[in-house]
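Read off the chains here:
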Amino acid sequence: MSVEPAVHTSSADPEAREPGDPPGRTTWASLRPLVLRLHFYAGVFIAPFLLVAAATGLLYAGSYQAEKIVYADELRVPVGVDELPISQQVAAAREAHPEGEISAVRPAPEEGATTRVMLSGVKGVDATHTLAVFVDPYTGEPTGTLEQYGSSGALPLRTWIDEFHRDLHLGQTGRLYSELAASWLWVIAGGGVVLWFGRHRARRKVRGTTGRRRTLSLHGTVGVWAAVGLFFLSATGLTWSTYAGQNVSDLREAISQTTPTVSAGIVSGGEHAEHTQSGGSGDAPGEDVGLDAVLEAARGERLSNPVEIVPPADASSAYVVRQIQRSWPEKQDAVAIDPATGEVTDVVRFADYPLLAKLSRWGIDAHTGSLFGPANQIVLAALTAGLIVLILLGYRMWWQRGRGSGFGRPMPRGAWQKVPPHVLVPLMAGVAVVGYFVPLLGIPLAAFLAVDIVLGEVAYRRGRRTYAPGS
């Protein structure tokens, strides 16, 4: 993966066309300057965004383990003999913290872990967050409170790093930086791989080389090994981005591949009152079988730990109990339970998810480091560290390529005129389609082309021809 400025094409270039060259070689010889010019400019101008995303991603990869250490007093307790009924644990949490409303309850998922009672509408807590009250499941004693965010239950440290990685704490506007980085990462990685194998650099060795050649060899070797992981990070990062992510969601909806949700409406007067899984208000109906019976009914449907219980939103809604394990194998089954009778009214199994819904779930969880636990987080840390090294090596090559006091120069303009029409037309059509669905790739690319054409025309009219020789 090289952010290497190109040199002018000459007859000495081994990629130049020779009489009798096979079509594949001549096609690559015409495409290479385009790929190299795009890779150069993308590497120079997009790399700062990638560098920030990689650095913050490296922090996030370590945040899971850091969270366990920093919040050990709230998360862990000595293992007792028997756990109290979940209703008693919730009652103890409410006695200590009567503010707000119960939005969800997460029973202790394993021995020595605490139960979480999440409260919404608490003064001083972000409206998109909840206040988690941690309760010792053996004694019912609260062990502390922390602000919590998201379905993964991120606590303050991980939440801060997550938001820093996602939007630099700049809100919706800040999300454009991460989408721009994800939109271009696969292009830069793909271009680098193509250039590497197109020039047979996979056969070159780092040992014995010096200067820019050594930097190039290191850059290419690291890039080729990391390419698959970088493609994955780019693709999964785009699935929940602002614009490209919405296009992905629209596509999944159009082909019936959305993630199914359990219906939390209960029959009342012959009609269903629909309620999504996002949360309840804690205002249960007058007749309520209670949390213990609800949890027992969910266990009867094979919903093992870890689970989350969402109380009814109103008198016409059911409890929702869903599994929340994001590590392999994933547990994402969910059931709705009538609060008046304790009967299961709806069931959704992860095994029945459409294929794209499963792939999306697995992709996001692998991207965030939860799918395979610590091993996943180590791989993410290695990938993000590798991307940082690639960027630094790329800029070093750019500097080393410079002449005198200047920086390295890109491939001259006009190389596209050498591309055969039967290759250029489908290529342009494909770029247009991808650019439409990934706008933060398409818009900057169109802007670059427009500026490049205008500057080239101005230079041409002033007698400083900058187009590729022979064009």
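Scroll up a little and you will see the structure.
Residues numbered from 1 in each chain as written. Predicted model: local features only at pLDDT ≥ 70, side-chain atom pairs only at ≥ 80, totals over all residues. Heavy atoms only, no water.

A. The arrangement of the environment of P156 in detail. Following the sequence through the fold, P156 ends up in helix α5 (residues 156–167). Between the alpha carbons of P156 and L146 there is a distance of 7.2 Å; along the sequence they are 10 residues apart. For P156, the residues in contact, after removing those within four places along its chain, are Y71, L146 and E147. (Helix = DSSP H or I, 4+ residues; strand = E, 2+ residues; numbered from the N terminus. Contact = heavy atoms within 4.5 Å.)

B. Highlighting the pattern of salt bridges. Enumeration over the complete set of coordinates arrives at 9 salt bridges. For R106, the salt bridge identified is with E308, shortest N-O distance 2.7 Å. With R106 in strand β1 (residues 101–106) and E308 in strand β7 (residues 307–310), the pair connects residues that are 202 residues apart, well separated along the chain. Overall, the relative accessible area of 6% leaves E308 in the buried class. Here R322 and E308 are joined by a salt bridge, their closest N and O atoms 2.7 Å apart. Here E308 lies in strand β7 and R322 lies in strand β8 (residues 319–323), a separation of 14 residues in the sequence. By relative accessible area, which is 16% here, R322 ends up buried. Three or more residues joined by partner-sharing salt bridges are found here, namely R106, E308 and R322. (Salt bridge = Lys/Arg side-chain N within 4 Å of Asp/Glu carboxyl O. Buried < 20%, exposed > 50% of the residue type's maximum accessible area, 1.4 Å probe, protein only.)

C. Representation of helix α7 (residues 211–239) in the model. With 29 residues, α7 extends 40 Å between its outermost C-alpha atoms, agreeing within 8% with the 42 Å of an ideal straight helix rising 1.5 Å per residue. Of all the bends in α7, the greatest, near 55°, is centred on A227. (Expected span 1.5 Å × (residues − 1). Bend = angle between axes of the 7 residues up to and from the residue.)

D. How the structure looks around the side chain of E163. Its place among the elements puts E163 in helix α5. Aside from chain neighbours lying at most four places away, what touches E163 is H129, L168 and H169.

E. Spatial organisation of the pairing of β8. In terms of burial, β8 is a largely internal element, 5 of the 5 residues being buried. Here β8 shows no split at all, with Y319, V321 and Q323 on one side and V320 and R322 on the other all buried. Two strands pair when backbone bridges link them, and β8 and strand β9 (residues 334–337) are joined in this way by 4 bridges, in the antiparallel orientation. By the bridge assignment for β9, V321 is matched with V335. (Pairing = 2+ DSSP bridges.)

F. Just the packing of aromatic side chains, in detail. Tallied over the entire structure, the rule returns 12 aromatic pairs. On the basis of an interplanar angle of 50° and a centroid distance of 5.0 Å, the ring pair of Y41 and F448 is categorised as tilted. Highlighted residues: Y41 in helix α1 (residues 23–61) and F448 in helix α13 (residues 439–461), separated in sequence by 407 residues. Taken together, a centroid distance of 5.6 Å and an interplanar angle of 55° make the contact between W328 and W362 tilted. With W328 in the loop between β8 and β9 and W362 in helix α10 (residues 355–368), this pair connects stretches of sequence that are 34 residues apart. Note on W328: relative accessible area 49%, which makes it partly exposed. Judged by its relative accessible area of 25%, W362 falls in the partly exposed class. (Phe/Tyr/Trp six-rings, centres within 6.5 Å; stacked < 30°, edge-to-face > 60°.)

G. Layout of the environment of A72. Note on placement: A72 falls in helix α3 (residues 72–75). Residues A72 and A113, spaced 41 residues apart in sequence, show a C-alpha to C-alpha distance of 9.8 Å.

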